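Listed here are the chains, written in short residue letters.
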Amino acid sequence: MIAALILAASVSAAPTPARLEALVAPAAGGPVEVRSIRCQVLGDPTEYRCTWRQKRSGRGAWETWSTILAQDGETWILIDTPGRA
């Protein structure tokens, strides 16, 4: 039982692909497609290190990207500049 709770705490919710695309598009220089989003809680239970696969919409290769996001209720907030992981 305790192991299940620890595992549940380490695997967090993540923003939807559409929300993450909207958050990172300005830093990427335009529209992007994202998939395989994974987020882990940091020291503050509202802050997450998220990684995902990203490519410019309709072209290019899928690359791994990462950033720190904060969750405020149902809203996700970008608190670090996204970059290639």
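Residues numbered from 1 in each chain as written. Predicted model: local features only at pLDDT ≥ 70, side-chain atom pairs only at ≥ 80, totals over all residues. Heavy atoms only, no water.

Further remarks concern the pairing of strand β2 (residues 47-56). In this sheet, β2 lies alongside strand β1 (residues 32-41) in antiparallel orientation, the contact comprising eight bridges. Note on β2: the bridge partner recorded for Glu 33 is Lys 55. The antiparallel pairing of β1 with β2 creates a hairpin that spans five residues between the two strands. The sheet contact formed by β2 and strand β3 (residues 63-72) spans eight bridges and is antiparallel. Residue pairing in the sheet places Tyr 48 in a bridge with Leu 69 of β3. Count of turn residues in the β2/β3 antiparallel hairpin: six residues, of which Gly 58 carries a positive phi of about 75 degrees. (Pairing = 2+ DSSP bridges. Helix = DSSP H or I, 4+ residues; strand = E, 2+ residues; numbered from the N terminus.)

All chains considered together, the criterion is met by one disulfide. Covalent S-S linkage joins Cys 39 and Cys 50, the inter-sulfur distance amounting to 2.1 Å. Residues Cys 39 and Cys 50 are joined by a disulfide whose S-S torsion is about 115 degrees; by sign, that bridge is right-handed. Remark: Cys 50 occurs in strand β2 and Cys 39 occurs in strand β1; sequence separation between them is eleven residues. (Disulfide = S-S within 2.5 Å.)

Before going further, it helps to examine the packing of aromatic side chains. In this structure the tally under the stated criterion is one aromatic pair. Geometry around Trp 62 places Arg 35 over its ring, the cationic atom sitting 3.9 Å from the centre. (Phe/Tyr/Trp six-rings, centres within 6.5 Å; stacked < 30°, edge-to-face > 60°. Lys NZ or Arg CZ within 6 Å of the ring centre and 35° of its normal.)

What follows is about the nonpolar core. Leu 20, Val 24, Val 34, Ile 37, Cys 50, Trp 52 and Leu 69 are the most contacted members of the largest nonpolar core, which has 14 residues in total. Put simply, the parts of the chain that give this core at least two residues each are α2 (17-28), β1, β2 and β3. Among all residues touching Ile 37, those that are not within four sequence positions of it are Ala 14, Pro 15, Thr 16, Pro 17, Leu 20, Thr 51 and Trp 52. (Core = buried A, V, L, I, M, F, W, Y, C linked by side-chain atoms within 4.5 Å. Buried < 20%, exposed > 50% of the residue type's maximum accessible area, 1.4 Å probe, protein only. Contact = heavy atoms within 4.5 Å.)

Moving on, we come to α2. Regarding α2, the residues found buried are Leu 20, Leu 23, Val 24, Ala 25 and Ala 28. As for α2, its buried residues are in contact with β1, β2, β3 and β4 (75-78).

Now for the environment of Ser 57. On the secondary structure map, Ser 57 appears in the loop between β2 and β3. With relative accessibility at 34%, the residue Ser 57 sits in the partly exposed group. Spatially, the C-alpha atoms of Ser 57 and Glu 33 are 5.3 Å apart, while their sequence positions differ by 24 residues. Dropping the residues within four chain positions of it, Ser 57 is found in contact with Pro 31, Val 32 and Glu 33.

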